[in-house]
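# Reading the structure
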Amino acid sequence: MGARGLYVGRRAAALLAALLLALLAALLALAALYGRCRQEEPPSPRPPRPSPTAPRLTAPPGPAPAAASDRRLPRNLLPLHYDLELWPQVRPGQAGPFAFSGQVNITVHCLQDTDAALLHSSGLRSHGAAVVRGPLSEKGAVVEVAGLRMDAASEVAVLELRGRLLAGRRYVLQLGFQGRLEEDLDGLFLTRYTDQGLSSMLIASQLEPTYARTVYPCFDEPAMKATFNIRIVHDPSYVALSNMPAIDISEMKDENGSLWTVTKFNTSLKMSTYLTAFVVCDFDYVTRTERGNEIRIWARKEAVKSGYVDYALNVTGPIFSFLEDLLNVSYPLPKTDLVALPDFGAGAMENWGLMTFHESSLMYRPSDKFTSRKAMIAIIVSHELGHQWFGNLVTMNWWNDLWLNEGLASYFEYLGAIIVEPTLSLDKIFYDHVVQPVLREDNERGVRSLSQTEEKIKGSFSLISLFDSITYSKGASITWMLSGFLTEKLFIRALTSYLKEFSFSNANQDDLWIHIQMVVDAQNEVQLPASVKQIMDSWTCQNGFPVLTLNLTTGTISQEQFLNKKNENRTDSYTNTWIIPISWMRNGSSQPLMWLDKSSKVFPEMQVSESEYDWVLLNVNLNGYYRVNYDQLNLKRLACLLENDPKAIPAVSRFQLIDDVFALTQFGYIQIETALELTKYLAREDELFIWNMVLSNLVPENLESTLKNYEVYPLLKKYLLKRMLPIYHYYAGFIRENVDALEDDYFAQIPFLIRRTVCCYGVAVGSDKEWNFAWEMYNRTDSTKEDKDILLSAMSCAKESWLLYRYLQYGLSDTLFSANYTSVIILYAVTKDIGHRIAWEFVTENWPLLSERYGKELLHDVLKVMGRFVNTDVQIQELQAFYNATLEEDERVATTVLLELTKIENMERRELLIEVAKWLQKNLDD
């Protein structure tokens, strides 16, 4: 008991100190604390580029052009079943290079006579003679193969036949293959790690979207589903995992007499090739059974021993059961493995029965008492479990409807997380994590629509580019809106119908609309102004989203696409209209749902009286995917309401109201003074997630422009500190009385949120002693990926030039860092006040070496970030000179446009700061 008392006292003191630090640091620390706690992850490390002298098993080196993965196979052959053997030839402690070999026998049904069999293959070379057996109805029959031609550009293998495959018959295509086992985190890959102080290796796979063809020849399209019998040959000291349970383990000897283990797995369910999965490792696991489903979490032995995966194990079963019960569709597999990989580029992958995760997404240290870490794990696990229904059981026909997988899984991830972490606020977290960030991205003219035609995807998109915030977050936001106006009961009923109709098959978004329409037509409670397809296509087939403008005097609401009105060069005409559900309240009372199904419409119910207490709020609790532009009359009444009784407006609606006005300011719809008026009430605001958003708007990502402005900074600091003191005193008192209560407040976990800021501050005010300590901690084997990311960033905060330059030199070392992290180190440094200049000089001085080793991708990353952090025309001219000296002509054109935009933004920023200073001067004492 005594130890616990001491522990709480220290933790309380740490929390109070953190709060005080945040206040004293004012905008700098609090902007990082709240406004940037959800900032984008640092740039993902690029896979190491292959050595130009390394031997290759096939040509061409490197990935094929983007269009290759879009190549569609003819529909004359339909795969039914794969017998697949994989043999990664890796022994513990063995030096590279590494290779794998295998054999695949594919049973196909011929739909149309053909004298050639086409299937996908990329980076593989043939091993042995290809054979075509059949028709299978004729015992011993074969079709002679004239030749096997590899079309590397199209990622297609062509079996040219001397006879013909006949429609209605079945055949078996038999192919042996070999491939290179790389450390690039795609396809079948090898990764190195340290466990219990020893260096180890493992083999894993990542096949989405089109990497299955780099592992075995196959019909690598989501709609060409089949069953699989898989065998993996591996070193006896390893365990092999795949989608299904192992049913036999035997031994074999190779031609040299060396012993290998053969693990054979049960026949899979019918599934797409991108969901096949393979892991060969020396991991331990923890296990439990949920409704007959054996769940195992695999991880490094020291992590399992320390209990780091126990939380993931404890939440996986309940989320499974919740989804089964909610959707009324049982999980069809007998086992589920979740594997925590020390290095994994995808973050997490939903492979049926064998889900893979970066270990930081699964591991929770029991000593970490705060909910936010648990919540992150619960959300990620819930997302991948949602895919077991949306993506695995029912898969989109083609990648143009990827949102049917990712958008629906991104919606259900929050529902599942709430089940295991009931203290989380669903609407707050969903708006904070999902809706607000994508609203800030989905407003450029070049942003694509959520769903595209197959032809457009095939012709102009790399499939990888579809895995973006539009697919995930906009897809989830549209789903949230759909569930809102249908009611969750009808929405889930429709999803159950959809899942049962298309189980073990494929669907497109029209199939989903049909099942929703069927449910709507079968009841009378919910009436829609148009068909489900008409309503939803207006959201999925058009890019962007609308802004509604409300005139309270006339009750008129009009809509237009939300675009930047400050862009004077805009000549395009945008006439997009949406069918918009409008949830609203008047004077605190919820009103019946309204629909805007044309560009403008009068709603007499929304005309207000002259009373200052008569107000209207649209899009209550963010039920719709749009912004709202109120007239001055309503904004004044809402500002007054906030100052007198902020709780009269729901918390999520307060968040949305303020975020909308700042976005409208940024895009030229209203003046900055209007937005600032809505911040006067903040002394009465006790929701940290709202403070988060306010600070991210007042102190945007480019801090220097605000914090270095001698006119604005002291005024803004005084204005905000005055309004922060009440919430500071509230949480300070809370901590003194009951620190443990904060463990369940997702948005109040201050030590976790400001850890990046505190570590940066410690290095910045310290000497080489503090920097060396951070370096030592970074290199500890028990540091999590999250800790390493924070330390990687903190080391770039050094104020001494020689430390920064040494750090950048470390980034060039192959022994201290993998090539993946060179650009990350440079990008961290370039965003810092002192590091900005040093990193730029480092890049220009070392450009020949950097260019040779990493290519122009690194330059593009650095220049992209540099463009955000230049603040003067002189810096812009310097950038332009470097562009001219290093880039090709077409690249120079693009970067020149970027720099011109930067100049305009700098000018606008200066003008904006003048307006902010004037307003603050007038309102400082209010």
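As shown above, the structure is provided for reference.
Throughout this description, residue numbers start from 1 for each chain and increase along the sequence as written. Note on the predicted model: pLDDT of at least 70 is required for a residue's local features to be given, and 80 or more for side-chain atom pairs to be given and counted; whole-chain, interface and lining totals, by contrast, use all residues. Side-chain metrics rest on all non-hydrogen atoms present in the structure, leaving aside hydrogens and water.

Another point: the side chain of Ser-382. Along the chain, Ser-382 falls in helix H5 (residues 371-387). Accessibility expressed as a relative area gives 0% for Ser-382, which makes it buried. Under the scheme used here, helices are H or I runs from DSSP no shorter than 4 residues and strands are E runs no shorter than 2 residues, and both carry numbers assigned from the N terminus. We call a residue buried when its accessible area falls under 20% of the maximum for its residue type, exposed when it is over 50%, and partly exposed in between, using a 1.4 Å probe and counting protein chains only.

Axes here mean lines fitted to C-alpha atoms, for a helix over just the part in contact, with angles spanning 0 to 180 degrees between N-to-C directions. At a minimum axis distance of 15 Å, the contact between helix H6 (residues 403-420) and helix H10 (residues 488-502) shows a crossing angle of 140°. Between H6 and H10, the angle is such that the two are oblique. As H6 packs across H10, the resulting crossing turns out to be left-handed. Contacts from Leu-404, Leu-408, Tyr-411 and Phe-412 of H6 reach H10 at Glu-488, Phe-491, Ile-492, Leu-495 and Tyr-498. Each residue gets one label: Ala, Val, Leu, Ile, Met, Phe, Trp, Tyr, Cys and Pro are nonpolar, Asp, Glu, Lys and Arg are charged, and the others, such as Gly, are polar. Here the residues of the contact of H6 with H10 sort into eight nonpolar, no polar and one charged. Under this scheme an angle from 65 to 115 degrees is roughly perpendicular, one under 35 degrees roughly parallel, and one over 145 degrees roughly antiparallel; angles in between are oblique. Handedness of a crossing is defined here by the sense of rotation of the near helix relative to the far one, left-handed for an anticlockwise turn of less than a right angle and right-handed for a clockwise turn. Contacts are assigned to residue pairs with any non-hydrogen atoms lying within 4.5 Å of each other.

Here, a salt bridge means any Lys or Arg side-chain nitrogen found within 4 Å of an Asp or Glu carboxyl oxygen. Inspection of every chain in the model, using the stated rule, returns 35 salt bridges. Residue Arg-180 pairs with Glu-182 through a salt bridge whose shortest N-O separation is 3.9 Å. The shortest N-O distance in the salt bridge between Lys-533 and Asp-510 comes to 3.0 Å. Remark: Asp-510 occurs in helix H11 (residues 509-521) and Lys-533 occurs in helix H12 (residues 532-540); sequence separation between them is 23 residues. Taken together, the shared-partner salt bridges connect Arg-72, Arg-75, Glu-221 and Glu-454 into one network.

Picture the strands of a sheet paired through backbone hydrogen bonds; they go either parallel or antiparallel. DSSP calls a pair of strands paired once it identifies at least 2 bridges connecting them. An order of S27-S26-S29 is seen for the three strands of this open sheet, with the pairing classed as antiparallel. The outermost strands of the open sheet, each flanked by one partner alone, are strand S27 (589-596) and strand S29 (616-618). Taken over all neighbouring pairs, the strand axes of this sheet differ in orientation by 25° on average, direction set aside. Relative to S27, strand S26 (residues 580-586) runs antiparallel, the two sharing six bridges. Along S27, the bridge assignment pairs Arg-586 with Ser-589.

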